[in-house]
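For reference, the chains in residue letters:
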Amino acid sequence: MNKKQAALARKQLERRLAPVRDLELISPPRGWMKAIREALGMTTRQLAMRMGAAPSRIPAIEKAEVSGATTIRTLREAAAAMNCTFVYAFVPIKPLDDILRERAAEKVGEEMTRLDHTMRLENQALIKSDLEDERCRLIDALLADAGRRLWEED
C-alpha cells in the first residue's frame, strides 16, 4: 500500500472509530452474555438449546467471558442465540495520526538526544530553537518516509 492509500485508509478508519472512542462501555461485572441473557429472562437451559450446546456449558462460557478465556466464535454464537450482534473491535485511545506523530516524536527524540550530546562534546551545540526546528523537520520527514520503520526498535 503506498503512502497516499495508507493515509486515506487511516482517515476512513478514523471516521469509523471516532464515535466508538467516545463511548464509555463498561462491561457488566458478571459479563455481557449473562447480563443480556438475564435481561431477556432466558435460562441457561434455554440458551443452551438455542446454541445447540449442553446446559452445563452456558455457565462455563459465561465465566470464561469474564476471565477472557473464551473464543470470539463462542461469543458470536451466544450473541446470535440471543438475537444480538457480537461486536469486536480494536479502538485506539486517540486518533491514529496522533499515535503515529507521537511515535515519530519518540524516535526522533532518541536520535536528537544522541546528536545533541555528540555536538556538545564537539562544542557545536545548537541553540534550543534550532534544536526544536530540527526536531519538527525530522518528525515530518520520518512520517513522510517511515512506513514500517516507524515501529522498529533501534
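Presented here is an overview of the structure given in this document. Keep in mind it's a predicted model, so treat the numbers as computed, not measured.

What about the overall build of the protein?
Helices and strands together make up the secondary structure of the protein, namely seven helices and zero strands. In the protein, the succession of helices and strands from N to C terminus is α-α-α-α-α-α-α. Taking 2.2 N^0.38 as the reference for a compact globule, 154 residues should give roughly 15 Å; the C-alpha atoms of the protein span a radius of gyration of 25 Å, well beyond that estimate. With the C-alpha coordinates of the protein rotated into their principal frame, the extents come out at 80 × 30 × 25 Å.

Examining the pattern of salt bridges
Note that side chains of opposite charge can pair when their charged atoms are close. Using the criterion set out here, one finds twelve salt bridges in the structure. A salt bridge links Glu38 to Arg37; its shortest N-O distance comes to 4.0 Å. With a closest N to O distance of 3.6 Å, Glu77 and Arg73 form a salt bridge. Here Arg73 and Glu77 lie together in helix α5 (residues 72–81), a separation of four residues that amounts to about one turn. Judged by its relative accessible area of 40%, Glu77 falls in the partly exposed class.

Observations concerning the nonpolar core
Membership of the largest hydrophobic core is limited to ten residues, which are Met33, Met42, Leu47, Ala48, Met51, Ile58, Ile61, Ala78, Ala81 and Met82. Counting only elements with at least two residues in this core, the list comes to α3 (44–51), α4 (57–67) and α5. Top element by residues in this core is α3. It accounts for three residues. Once residues within four sequence positions are removed from consideration, Met33 is found in contact with Leu47, Met51, Ile58, Ile61, Glu62, Glu65, Ala78 and Met82.

Some remarks on the packing of aromatic side chains
Between two aromatic rings, the relevant description is the distance of the centres plus the angle of the planes. Taken as a whole and assessed by the stated rule, the structure comprises one aromatic pair. Consider the rings of Tyr88 and Phe90, whose centres lie 5.8 Å apart with planes at 80 degrees: the pair is edge-to-face.

Rules used in this analysis
- Sequence order sets the numbering: in each chain, residues are counted from 1 along the sequence as written.
- In view of the model being predicted, local features appear only for residues whose pLDDT reaches at least 70, and side-chain atom pairs are presented and counted only at 80 or more, with totals across whole chains, interfaces and linings using the full set of residues.
- Excluding hydrogens and water, the side-chain values take into account all heavy atoms of the structure.
- Starting at the N terminus, helices and strands are each numbered in turn, a helix being any DSSP run of H or I of at least four residues and a strand any DSSP run of E of at least two.
- Using C-alpha atoms as the atom set, the radius of gyration is obtained and then compared with a globule rule of 2.2 Å times the number of residues to the power 0.38.
- For salt bridges, the criterion is a side-chain nitrogen of Lys or Arg within 4 Å of an Asp or Glu carboxyl oxygen.
- Three labels apply to residues, based on accessible area from a 1.4 Å probe with only protein chains included: buried if under 20% of the type maximum, exposed if over 50%, partly exposed otherwise in between.
- To define a nonpolar core, start from buried Ala, Val, Leu, Ile, Met, Phe, Trp, Tyr and Cys residues and group those joined through side-chain atoms within 4.5 Å.
- Only heavy atoms enter the contact rule, under which two residues are in contact if any of them lie within 4.5 Å.
- Working definition: rings of Phe, Tyr and Trp (its six-membered ring) pair if their centres are within 6.5 Å, and the pair is stacked with planes under 30 degrees apart, edge-to-face with planes over 60 apart, and tilted otherwise.

Just geometry here; none of it tells us what the structure is for.
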